Amino acid sequence: MARYILRRLATMLAALWLIITLTFTIMHIAPGGPFASEKKLPPAILDNINARYHFNDPLWKQYTDYLGNLLQGDLGPSFKYENRTVNGIIKDGFPVSATLGCLAISLAILVGLPAGIISALRRNRWPDYLSMFLANLGFSVPGFILAGLLMYVLAYRLDLLPPAMWGTPRQAVMPALALSALPMAFLARLMRSSMLEVLGQDYMRTARAKGLSERLAVWRHAVRNAITPVISYLGTLVATIFTGSFVVENIFAIPGLGRYYVASIGDRDYTVILGVTIFYAAFLMLMNFLVDLAYMFIDPRVRLVDRKEV
Amino acid sequence: MEKLLEIDNLRVHFSTCAGEVQAVRGVSFSVGQGEAVALVGESGCGKSITALSVMGLIPSPPGRIVCGSVYFAGEDLVLKPEREMEKIRGKDISIIFQDPMTSLNPTMTAGNQIAEVLSRHSRESRDQIAARALELLKLVGISQPERRLRQYPHELSGGMRQRVMIAMALACRPRLLIADEPTTALDVTIQAQIMELLQELRGRTGTAVILITHDLAVVAGFAQRVMVMYAGKLVESGPTRDLFRSPLHPYTSGLLGSVPRLDSSGDKPLRSIAGRPPDLISPPRGCAFWPRCSMAMKICSLEEPEMTGDFTGHSAACWLMHPQAPGHRGVCEIGEK
């Protein structure tokens, strides 16, 4: 077990290094630079700026310097926002994104899983048709369109909720809804098909033959077996939520990390691009790792495979 | 012998997109207290469906019991509400399924799966139940029972899993145990062990057993009485010895004739019954076996034979049993041509 965890951590570090290197390279291949869009500066001043930010150094030196600073936990200053470091941007933006993300994930799980279970139990009857209709809708309508619709109906027409910004719980409702629609729909469909498969298994008949009521058989035997493929999706779910949040944060003017990230690419804000990429990559890898660990606790068969491997 | 189970004219249909499949077409038989009977027939003859009807586990839809009754200890189980059936299942009547690989929940330890039946049907404390589960594993002869309790099905061999199934089925000391092809999915050597175990446990607990199988070799050493099913009906029933020695129905002779024998010379091809079982969506008129029967007469295709038998309890549904039939009661000799 400990060896497995160590090995996973080592692979994650290697992957992270690869991501840093690739991002660094691609970023520098792309035309333009952090100060290209500003008004024309006198060459002497531009030289000064470049020297200040070490842009005159050869690329390999910039790269090794960056890695060196990274190892000390310093992601460098932002080129765009004065007096702000990348660490500071992440520290400010991430809690907002994380709050929104957690809200959306909880919403997706709390609504999606029960909807999928009910669908499977009432297969081909109206609860199934209703939830699958909604799931297909949530599946096919992109988040930004849903966000716009929500804004129009709930904020503009009905004046129920504030249209944008961040801070109060009421302001969180619409972005969380918009962000959770896709994963919620996916979870519902995944859970439904998984439940249907499990309900047809022989051990469900065994459970009934033991004298368990339908409800107990479903709860004790079906749900736990049906949930394993859903758990493995959770890692991807987190990624979906975060990429989705880039868009949703922009639409609702939420000062989350996603918004800075999108803006930084247009600005060629090198350090922010790199810093946030590294941060997201590390975060997603960690999530996937935790999901794999959770998987081992839920499905005993995975434990066995792992034991053989280690 | 006092009757424990009495099935009367049971009919079970399944609706499929091709039409209504008449899986069980009027089956009647009874099982005495502590008796071991075997229900024999090829796949699809309705033997498992009959068993599931007794358990009240016919998947519905698409299946439904059209008519008939299943009297267990004097009460008709067909009319019992689901809640009442839940109290009987696993306690008074239990079942062992064919495939122990898939019949156990992969995410639950063997011990918990056994404990579940106990806690469902008794008010014992956790510790008592745990102790009982261990005792049951010892009873079914599993090695290292303490360890097995904590193991998951995938960590157990096929034979061990079937032993766990048996432990589960016997946990509440049922009065009737249905063993639905309990050895079909197992290796031959394990098959013998499992049958021996069932035999031994039956002797010890006095549980009545219905053994469902297509394997006649398994029947011989186990059951006191054999019932042969064909196309959703009983075609022959009788004491095991009599039925094996002098089968009355041509189908039974055919089944016995197609068992490979160790003492026969290898150059003779294995005999089989020509043709296929009838389509149960529209079963043939008359005797369902006549299209495959080498002894078929005109009457066979017109009218259904009744179960007729002698004083020993050996009976069959065949027109050859009729006093006017040619070669009356000489079925097996002719059948061996």
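Residues numbered from 1 in each chain as written. Chains lettered and ligands numbered in written order. Predicted model: local features only at pLDDT ≥ 70, side-chain atom pairs only at ≥ 80, totals over all residues. Heavy atoms only, no water.

Okay, the pairing of strand 8 (residues 208-213) of chain B next. Residues and elements named next belong to chain B. Of all the 6 residues making up strand 8, 6 are buried; the element is thus mostly covered by neighbouring parts of the structure. On strand 8, burial covers both faces: A208, I210 and I212 on one face and V209, L211 and T213 on the other are all buried. One ladder, built from 5 bridges, connects strand 3 (residues 36-40) with strand 8; its direction is parallel. Bridge pairing links V40 to T213 in strand 8. When strand 7 (residues 176-180) meets strand 8, the two strands line up parallel, connected through 5 bridges. What sits directly across from A179, in strand 8, is L211. (Buried < 20%, exposed > 50% of the residue type's maximum accessible area, 1.4 Å probe, protein only. Helix = DSSP H or I, 4+ residues; strand = E, 2+ residues; numbered from the N terminus. Pairing = 2+ DSSP bridges.)

Once that is clear, we can look at helix 10 (residues 257-267) of chain A. Residues and elements named next belong to chain A. The set of residues buried in helix 10 consists of L257, G258, Y260, Y261 and S264. Across the axial projection of helix 10, the buried residues extend over an arc of 160 degrees, all falling on one side. Looking at the buried side of helix 10, the elements it contacts are helix 4 (86-121), helix 9 (214-251) and helix 11 (270-298). Just beyond helix 10, the residue with positive phi is R268, at close to 55 degrees. (Arc of directions from axis to C-beta. Contact = heavy atoms within 4.5 Å.)

Attention now moves to the interface of chain B and chain A. Many analyses report the size of an interface as the accessible area lost when the parts associate. Chain B puts 27 residues into the contact, and the matching count from chain A is 22 residues. Surface buried jointly by chain B and chain A totals about 2,100 Å² across both partners, of which 55% is contributed by carbon and sulfur atoms. Of all residues in chain B, T107(B), E116(B) and H154(B) bury the most surface against chain A, accounting for 27% of the area lost on that side. For the pair chain B and chain A, the interface holds 3 salt bridges. The closest approach of N and O atoms between R208(A) and E82(B), which form a salt bridge, is 3.0 Å. Put simply, chain B and chain A have 14 residue pairs in polar contact (both at pLDDT 80 or more) between them. Listed by contribution, the elements that provide at least two residues to the side of chain B that touches chain A are helix 1 (47-55), helix 2 (82-88), helix 3 (100-103), helix 4 (110-121) and helix 7 (158-170) of chain B. Residue contributions to the side of chain B that touches chain A peak at 5 residues, all from helix 4 of chain B. Residues belonging to the side of chain B that touches chain A are distributed by class as follows: 12 nonpolar, 8 polar and 7 charged. (Buried area = accessible area lost by both parts, 1.4 Å probe. Salt bridge = Lys/Arg side-chain N within 4 Å of Asp/Glu carboxyl O. Polar contact = N/O pair within 3.5 Å; in protein donor to acceptor, adjacent residues only side chain to side chain. Nonpolar A, V, L, I, M, F, W, Y, C, P; charged D, E, K, R; others polar.)

This part is about the packing of helix 10 of chain A against helix 11 of chain A. Between two packed helices, what matters for the description is the angle formed by their axes and the separation of those axes. Residues and elements named next belong to chain A. Orientation of helix 10 relative to helix 11, taken along the N-to-C sense of each, is 140 degrees, at an axis distance of 9 Å. As summarised for this structure, helix 10 and helix 11 are arranged oblique, according to the angle between their axes. Once helix 10 is placed against helix 11, the crossing between them reads as left-handed. Two secondary-structure elements touch here, helix 10 through L257, G258, Y260, Y261, S264 and I265 and helix 11 through V272, I273, V276, T277, F279 and Y280. (Axes fitted to C-alpha atoms, helices over the stretch in contact; angles between N-to-C directions. Parallel < 35°, antiparallel > 145°, perpendicular 65-115°, else oblique. Left-handed = near helix turned anticlockwise from the far one by under 90°.)

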